[in-house]
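In case you want the letters, here they are:
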Amino acid sequence: MQTFKGTKIVNGIAIGKIKVYKAPVYEISEELVSDIAAELERYEAARLKVQEDQNALYDKEMKAGHKDTAGIFEAHALMLDDDDTLNDPCKEIMAEGHTAEYAVRQAFDEAAQQFSEMEDEYFRARSADVIDLKNSMLDVLFGADTSSLQGTEPAILVAEDLAPSETVKLDKSLLLGLVTRQGSSNSHTAILARSMNWPTLIQCHDVADDWDGKFAILDGYNSCIYIEPEQDIIDKLTAKQKEDREKEAKLQELKGQPSVTKDGQKVRLYANIGGPKDIKAVLENDAEGVGLFRSEFVYLNSKEDPSEEAQFQAYKQVLEGLAPRLVVIRTCDIGADKTIDYMHLDKEENPALGFRAVRICLSRPDFFKRQLRALLRASAFGNLGIMFPMIISRWEVQECKKILEECKKELEAEGQKVGKYEIGIMIETPAAALCADELAEEVDFFSLGTNDLTQYTCAIDRQSANLERFSDTHHPALLRLIRETIEAGHRHNTWVGICGELGADPTLSEEFLKWGVDELSVNPKSILPLRERVRNMDLSKYKTEAPKAEAKPEIKAAEKPKGLFGRLFG
Ligand code: PEP
Ligand code: MG
């Protein structure tokens with residue numbers, strides 16, 4: 001038996017075989033070759049193989065009744081016949097003596113770039129298809145066996161690291177747990193792992209390729225993985241896994257119970273989700289609403305820039321599926337670690353401080369309007385909150401609201417139905433937290449994004465594994481900003497929630513409620529444990545020490561329409 005340590009992200013026990021996951025990385029040589037005819041032949045063979053694969057996928061999807069997906073593969077197969085755009089440019093590059101791999105990379109990237117710059121939305125979307133085909137061509141040219149990336153049996157997945165786009169593509173039914181060499185506790189992959197409740201270990205520096213296929217136990221409680229464990233460890237941890245399952249079953253009794261402290265203070269416990277597939281988890285865990293729908297996962301899950309219609313369908317499905325609960329959908333928060341090929345974003349020195357989220361949306365109005373129109377159309381099907389991320393200034397909020405209003409007018413002129421909705425912003429930069437009084441005048445609600453607020457307040461890159469020991473999610477500066485944001489929001493009748501990971505931190509729940517937080521939005525699996533905690537709290541001791549009414553200046557309700565906070569607590 002061997003034992004290796006890491007940093008745990010999610011408690012719990014995973015027992016099973018290991019699958020070492022390796023995304024293909026190709027080194028493409030720029031050296032010239034002498035046998036040009038051989039390269040041309042290799043290219044042609046790869047092209048036919050990819051075409052055959054795409055046609056097979058088309059047949060499979062048609063048989064399964066998935067016409068839309070089948071259409072993608074049909075289009076891919078046809079694109080590979082396109083001499084002007086793909087084949088001739090590749091052949092020209094090979095004619096100069098370059099390898100087939102080099103030619104594919106250059107010519108397909110160039111074509112994708114050209115598509116992405118086109119006016120027409122349909123052609124712009126073809127850019128992602130070309131990138132997809134490029135990857136398939138390279139897989140074939142390099143002889144990669146991509147079918148074995150995750151294996152076919154449920155396993156503990158071991159990887160160097162996982163990008164959010166890779167994580168979303170994983171087959172969740174085959175995942176028992178996750179171990180990575182790199183990663184940080186606030187990365188989006190870690191957040192996803194928490195939301196799926198996979199026992200997860202990051203920064204396990206000893207991960208090795210030869211773990212593949214070995215029997216192991218991932219012990220989240222002790223932040224370690226046992227490779228080929230001894231029988232007493234197997235017995236002990238199997239019993240612990242059983243106990244966890246029993247505890248989880250007991251929590252089910254809290255379904256339908258109010259989230260209220262012993263002294264009667266209510267807090268709304270909402271869920272963070274990434275798309276329609278999470279509706280089930282919201283309902284199963286009895287979340288009272290959705291405080292953060294990370295809409296960028298609709299983009300990350302798509303091979304091409306999703307159309308207004310595709311987005312509308314996704315948002316409508318969630319709003320309808322969860323009505324009458326409030327569903328807060330955050331507008332696209334792409335950038336930093338969440339990159340998407342078809343967005344063609346420039347590489348930046350400091351991506352976390354760069355072109356991301358609302359900065360992209362306000363710079364690409366057509367892109368932004370597509371999403372806003374989809375959201376407004378979906379508003380007719382449920383109870384919607386629209387939330388803008390990465391705000392630092394009042395003018396940004398005003399600009400977002402102006403574009404939203406333009407979209408609303410356009411839709412009404414087209415005879416489309418637009419429902420009611422609330423408007424909110426993420427408070428995830430110190431600038432926003434410090435200007436919360438001014439910003440509150442613009443919106444119905446705030447949601448504290450403590451993941452980014454920690455990163456920007458403490459100047460700690462949330463992606464960096466090396467900085468873990470300096471990172472402090474309980475830093476007094478951060479807690480002060482949270483408290484002051486709640487107070488500022490309430491001064492202006494703006495309700496305040498927390499949707500960052502700190503919202504589920506059991507050691508801070510009582511503080512947050514004491515400060516009067518209106519809503520905590522956490523991963524669905526944390527709802528019932530949090531409800532249990534809330535129901536065991538008694539905040540009366542704080543209320544006699546510092547009555548809330550004295551601490552807060554008068555609420556000027558007449559200054560702006562009341563949001564949900566007003567409706568519930570006003
Ligand atoms: C946050 O920053 O706290 C947040 C909820 O947004 P994300 O983690 O998606 O950046
Ligand atoms: Mg954020």
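Up top is the structure these notes are about.
Residues numbered from 1 in each chain as written. Chains lettered and ligands numbered in written order. Predicted model: local features only at pLDDT ≥ 70, side-chain atom pairs only at ≥ 80, totals over all residues. Heavy atoms only, no water.

Some details on helix 8 (residues 231–251)
At step 1: If you check helix 8, its first and last C-alpha atoms are 30 Å apart, about what 21 residues at 1.5 Å a residue would give, namely 30 Å.
At step 2: Among the residues of helix 8, those classed as buried are Ile233, Ile234, Leu237, Gln241, Asp244 and Leu251. Summarising the axial view, the buried residues of helix 8 lie within an arc of 110 degrees, below the 170-degree limit, and thus occupy one face. When the buried face of helix 8 is taken as reference, the exposed residues oriented beyond 90 degrees from it are Gln231, Asp232, Lys236, Lys242 and Lys250.
At step 3: Turning to helix 8, the residues buried within the fold contact strand 3 (13–21), strand 7 (215–219), strand 8 (224–227) and helix 20 (527–535). (Helix = DSSP H or I, 4+ residues; strand = E, 2+ residues; numbered from the N terminus. Expected span 1.5 Å × (residues − 1). Buried < 20%, exposed > 50% of the residue type's maximum accessible area, 1.4 Å probe, protein only. Arc of directions from axis to C-beta. Contact = heavy atoms within 4.5 Å.)

Details of the packing of helix 11 (residues 308–322) against helix 13 (residues 365–378)
At step 1: For the pair helix 11 and helix 13, the least separation of the axes is 8 Å and the interaxial angle reads 35 degrees. Classified by chirality, the crossing of helix 13 by helix 11 is right-handed. Only Arg370, Gln371, Arg373, Ala374, Leu375, Arg377 and Ala378 of helix 13 make contact with helix 11, whose side of the interface consists of Glu308, Glu309, Gln311, Phe312, Tyr315, Lys316 and Leu319.
At step 2: Taken together, the residues that form the contact of helix 11 with helix 13 break down as six nonpolar, two polar and six charged. (Axes fitted to C-alpha atoms, helices over the stretch in contact; angles between N-to-C directions. Left-handed = near helix turned anticlockwise from the far one by under 90°. Nonpolar A, V, L, I, M, F, W, Y, C, P; charged D, E, K, R; others polar.)

A few points about the environment of aspartate 81
At step 1: Mapping aspartate 81 onto the fold places it in the loop between helix 2 (67–79) and helix 3 (83–95).
At step 2: Sequence separation between aspartate 81 and isoleucine 527 is 446 residues; the distance between their C-alpha atoms is 52 Å.
At step 3: Among residues more than four places away in sequence, those in contact with aspartate 81 are Arg47, Gln51 and Asn87.

Focus on the packing of aromatic side chains
At step 1: If you walk through the whole model with that rule in mind, you get eight aromatic pairs.
At step 2: A ring pair is formed by phenylalanine 293 and tyrosine 315, whose centres lie 5.9 Å apart and whose planes are at 80 degrees; its orientation type is edge-to-face. Taken together, the residues span a long stretch of sequence, with phenylalanine 293 in strand 10 (residues 290–294) and tyrosine 315 in helix 11 at a distance of 22 residues. Comparing phenylalanine 293 with tyrosine 315, the two get one shared label, buried.
At step 3: Against the face of tyrosine 221 rests lysine 240, its NZ or CZ located 4.3 Å from the ring centre.
At step 4: The aromatic ring of phenylalanine 381 is capped on one face by lysine 316, whose charged end is 4.9 Å from the ring centroid. (Phe/Tyr/Trp six-rings, centres within 6.5 Å; stacked < 30°, edge-to-face > 60°. Lys NZ or Arg CZ within 6 Å of the ring centre and 35° of its normal.)

Overview of the side chain of aspartate 286
At step 1: Along the chain, aspartate 286 falls in the loop between helix 9 (279–284) and strand 10.
At step 2: Separated by 2.5 Å, the side chain of aspartate 286 and the backbone nitrogen of glycine 256 make a polar contact.
At step 3: Setting aside its immediate chain neighbours within four residues, aspartate 286 contacts Leu254, Lys255, Gly256, Gln257, Ile527, Leu528 and Arg531. (Polar contact = N/O pair within 3.5 Å; in protein donor to acceptor, adjacent residues only side chain to side chain.)

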